[in-house]
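Take a look at the letters that make up each chain.
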Number of protein chains: 2
Amino acid sequence: MEKALQTLIKDYQDLNSSTIAEIDYTPSPLEFSRFVGQNRPLVIRGQGQREQTPALEKWSNAYLVEKVQEKVAIAVSPEGNADSIVNDEIFVEPATVELSMQDFLSKLDRPQPSPPLSNPTADPVYYLQSQNGNLGGEYEALLRDVGAEGPSFAREVFAQDPDACNLWIGDQRSVTSLHKDPYENIYLVIRGSKTFTLLPPAEFYCLHEQIYPHATYNFTPPSTFSITSTTPSLTLPWIPVDPHSPDLARYPRFAHARPIELTLQKGDMLYLPALWFHRVAQDVGDSPASAQGVEGEKQRATIAVNWWYDMDMSSPLWSFCSFLRKATLALDGRVEDEEAAEGSVGSP
Amino acid sequence: MEKALQTLIKDYQDLNSSTIAEIDYTPSPLEFSRFVGQNRPLVIRGQGQREQTPALEKWSNAYLVEKVQEKVAIAVSPEGNADSIVNDEIFVEPATVELSMQDFLSKLDRPQPSPPLSNPTADPVYYLQSQNGNLGGEYEALLRDVGAEGPSFAREVFAQDPDACNLWIGDQRSVTSLHKDPYENIYLVIRGSKTFTLLPPAEFYCLHEQIYPHATYNFTPPSTFSITSTTPSLTLPWIPVDPHSPDLARYPRFAHARPIELTLQKGDMLYLPALWFHRVAQDVGDSPASAQGVEGEKQRATIAVNWWYDMDMSSPLWSFCSFLRKATLALDGRVEDEEAAEGSVGSP
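Computed from a predicted structure; not experimentally measured. Throughout this description, residue numbers start from 1 for each chain and increase along the sequence as written. Chains and ligands are labelled sequentially in the order written, the chains with letters from A and the ligands with numbers from 1. Per-residue local features are limited, in this predicted model, to residues with pLDDT of at least 70; the limit for side-chain atom pairs, both in listing and counting, is 80 or more; totals at the level of whole chains, interfaces and linings are taken over all residues. The side-chain quantities take in all heavy atoms of the structure and omit both hydrogens and water.

Peer 1: When you look at the overall build of chain A in this model, what are you seeing that I'm missing?
Peer 2: Helix numbering and strand numbering both begin at the N terminus, where a helix is a DSSP run of H or I of at least 4 residues and a strand a DSSP run of E of at least 2. In terms of helices and strands, chain A carries 11 helices and 18 strands. To sort residues, take the accessible area from a 1.4 Å probe on protein chains only and compare it with the maximum for the residue type: under 20% means buried, over 50% means exposed, and anything in between is partly exposed. A burial count over chain A gives 57% of its 348 residues as buried. The contact rule is simple, with two residues in contact once any of their heavy atoms fall within 4.5 Å. Taking all contacts inside chain A whose residues are at least 6 apart in sequence as the whole, residues at least 24 apart take part in 82%. Approximately 13600 Å² of chain A is accessible, and the part contributed by carbon and sulfur atoms is 49%. Surface exposure here means Shrake-Rupley accessible area, sampled with a 1.4 Å probe, where a residue is shielded only by the protein chains that are shown.

The structure is reproduced here in structure tokens:
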């Protein structure tokens, strides 16, 4: 079975490009449908400008502060590691704080440590990442600037309105760890840049998914964090390997993976197919948005939105991916049903 | 693993209809692309008439005889069992005879035995089934009556011309045994009716694929057949179970299958997605074509054409189906690579 899993990966890699297709025009629904049918990502450069998305011009810090008057829920973690494995042993959710938009953005405005992802000054890292359809909720005042519907080529192919539209605001210290979503996904970068590391569903074997206890950061300002295990105890499967800098001694199966990296700039769109594994990093510094500045103020923030469309679970992909996961777990002596009975909260 | 294979089948069945979608209008390319992306069949009733396919009106026996002057290669078998497992132990190809179109059609004109599929009179069963793109070859004079290109909605979605266009002429004694093709397939019935029994790729486990020795029928007119094993010896994997009347004692895994049957009449089209397993039976008797008669002559023949388009092997489906096959073979202690080394001629 291990050989069959490795052959699956090799077959898929041999039959597919090691890069992601890029276009710089609006795809017809029929053209876009091929990427959806193939479950292959697509980068559409400059699509935000072609769609004349108002957010691209409007979303200065001052505008965001003006439009969002209520306090908002912001994730905070010691190193930008919200929702990831800590110390190779525990999955930790970020703490959540309530901040005004002004206070939140000012925390992103500080000089950033270099290199990215380290945090020598021990400043807490704040990330607006509520991913609960927040643009239809607490940020509804901003929704008209990006549109609730998503691009028309996507709506036509998915034959439905988006299930959720999310706003993401952070800086280069925040990284979203490798995971997948059961949604067809369209991303649009509004300010800064986003760097995705992508792996297709066929490479699940490479990811060393394991069961971890679930916990949450507690945050005491200005910069003290502790980890509290969830009670009653809860476990969940998660992926420990960082595809950007994999520890192959610890995660040898990752040697079979072929991660694909791509960076979106302001106005670029990404179709991320359902069930693709993705790690997302970001940068505030070198993007056209930051270089342009808006209204002369400091604009050190990465802003993106995404639209989630329900995936088609009747496609063979869904059933086959479930099967692939079971086959891989069996290799490790794990049985999915037993885990579920123990109070697991679902796969990454 | 056995449980995982059964769960895959149950997942797929739970998430998909137990019937095949039917429409009675020309689908837009975008609508059709959804079926292709989902790898789900689609019946398009009366599409031949909407496409104004000349063959529907023109292809009387007299016309076929006039257009096809050269002798043609016809498969002949004792019971209509071309390319199938005989006596549960050997895969047998039909014999091939060269006949004029007139002689061939006259052999289909005889009174048919009842019930279908039995052959008490021991008449040999003839079937024009060369499936080598024959409408671009020996039947080129007929090609313009159906068109080499296939329907435009299919060409647009597959973004290519068909790889082959085939002509099939037979009677109700011929059955094509369960197999799959690595092609996207569009069928059109010209005369009589065709009954398909379909199983999705996810149900491979149910089919008891086994390795069989390869042989060919020898035919001595008027009605003597013998079986000659191929030398040097050749084996191939094939499916022994007849989904129309499965022997569950012998093939217990078939109890997990959910075969879907559908019948196409004159002018009906079927999109059969790549890698779907299909058994094909046919009838000459009750179809509108036969009832109408053409030029008053006896018209006891089932005629169909199909267009094969190369499948997209970069889709995850291809790699996942190969993996599913390996996982199923492993359950039976079989290893695909070893079989290939022994001189196998490919999967069904």
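Having seen the model, we can carry on.
Peer 1: Please explain the relation of the copies chain B and chain A as it appears in this structure.
Peer 2: The two chain copies are related to each other by a rotation about an axis together with a translation along it. Least-squares fitting of one copy onto the other uses the C-alpha atoms of those residues that reach a pLDDT of at least 70 in both copies. For the pair chain B and chain A, the superposition axis carries a translation of 0.0 Å, the fit reaches an RMSD of 0.0 Å, and the rotation angle comes to 180 degrees. The two molecules are tied by a two-fold rotation axis, judged by turn and shift. When each C-alpha of chain B is compared by its distance to the rotation axis, B:Gly37 comes out closest, at 1.9 Å.

Peer 1: Just to check I follow, could you spell out the interface of chain B and chain A for this structure?
Peer 2: Interface size is commonly expressed as the accessible area that is lost once the parts come together. In this assembly, 37 residues from chain B lie in contact with 36 residues from chain A. Buried surface at the junction of chain B and chain A, summed over both partners, amounts to about 3100 Å²; 69% is from carbon and sulfur atoms. Put simply, buried area is the surface a 1.4 Å probe can reach on two separate parts but cannot reach once they are joined, added for both. The largest share of the area that chain B buries against chain A comes from B:Leu30, B:Phe320 and B:Phe323, three residues that together contribute 22% of it. For salt bridges, the criterion is a side-chain nitrogen of Lys or Arg within 4 Å of an Asp or Glu carboxyl oxygen. Remark: the boundary between chain B and chain A carries 0 salt bridges. Here a polar contact is taken to be a pair of N or O atoms separated by no more than 3.5 Å, where protein atoms must pair a possible hydrogen donor with a possible acceptor and residues adjacent in sequence count only if both atoms sit in side chains. In this assembly, chain B and chain A are joined by 11 residue pairs in polar contact (both at pLDDT 80 or more). Every element with two or more residues in the side of chain B that touches chain A is listed here: helix H1 (2-15), helix H2 (29-38), helix H8 (152-158) and helix H10 (316-331) of chain B. By the convention adopted, Pro, Cys, Tyr, Trp, Phe, Met, Ile, Leu, Val and Ala count as nonpolar, Lys, Arg, Asp and Glu as charged, and the other residues, Gly among them, as polar. When the residues that make up the side of chain B that touches chain A are grouped by side-chain class, the tally is 20 nonpolar, 10 polar and 7 charged.

Peer 1: Could you clarify how one ought to interpret the sheet that holds strand E10 (residues 183-191) of chain A in this entry?
Peer 2: Strands belonging to one sheet form pairs held by backbone hydrogen bonds; the direction of such a pair is parallel or antiparallel. Residues and elements named next belong to chain A. A strand pair is defined by DSSP finding two or more bridges across the two strands. Pairing in this open sheet of 6 strands is mixed, and the strands run E1-E2-E16-E10-E18-E8 from one edge to the other. Across the chains shown, the open sheet's two edge strands, defined by having one partner strand only, are strand E1 (21-23) and strand E8 (164-170). For this sheet, the mean inter-axis angle between neighbouring strands, taken without regard to orientation, is 20 degrees. Looking at chain direction, E1 and strand E2 (residues 42-44) are connected through 3 bridges and run parallel. Bridging across to E2, Ile-23 finds its partner in Ile-44. Orientation is described by lines fitted to C-alpha atoms, with helices fitted over the stretch in contact, and by angles between N-to-C directions that extend from 0 to 180 degrees.

Peer 1: What am I meant to see in the pattern of salt bridges here?
Peer 2: Evaluation of the coordinates by the stated rule reveals 23 salt bridges over all chains. One salt bridge in this structure joins A:Glu22 and A:Arg45, with 2.8 Å as the shortest N-O distance. Residue A:Glu22 is found in strand E1, and its partner A:Arg45 is found in the loop between E2 and helix H3 (47-50); the two are separated by 23 residues along the sequence. Between B:Asp247 and B:Arg250 there is a salt bridge, and its shortest N-O distance comes to 3.8 Å. Because the salt bridges share partners, they merge into one network encompassing A:Glu2, A:Arg253 and A:Asp332.

Peer 1: Would you explain the packing of helix H10 (residues 316-331) of chain A against H1(B) in this entry?
Peer 2: Helix packing for two helices is described by the angle between their axes and how far apart those axes are. Interhelical geometry of H10(A) versus H1(B) gives an angle of 160 degrees and a closest axis separation of 9 Å. Put simply, H10(A) runs roughly antiparallel to H1(B). Like other packed secondary-structure pairs, H10(A) and H1(B) cross with a definite hand, here right-handed. When H10(A) is examined against H1(B), the residues A:Pro316, A:Trp318, A:Ser319, A:Phe320, A:Ser322, A:Phe323 and A:Lys326 are found in contact with a partner set consisting of B:Ala4, B:Leu5, B:Thr7, B:Leu8, B:Asp11, B:Tyr12 and B:Leu15. Among the residues making up the contact of H10(A) with H1(B), the classes are represented as 9 nonpolar, 3 polar and 2 charged. Should an angle fall under 35 degrees it is called roughly parallel, over 145 degrees roughly antiparallel, and 65 to 115 degrees roughly perpendicular, with every other angle called oblique. Helix crossings fall into two classes, left-handed where the near helix is turned counterclockwise from the far one by less than a right angle and right-handed where it is turned clockwise.

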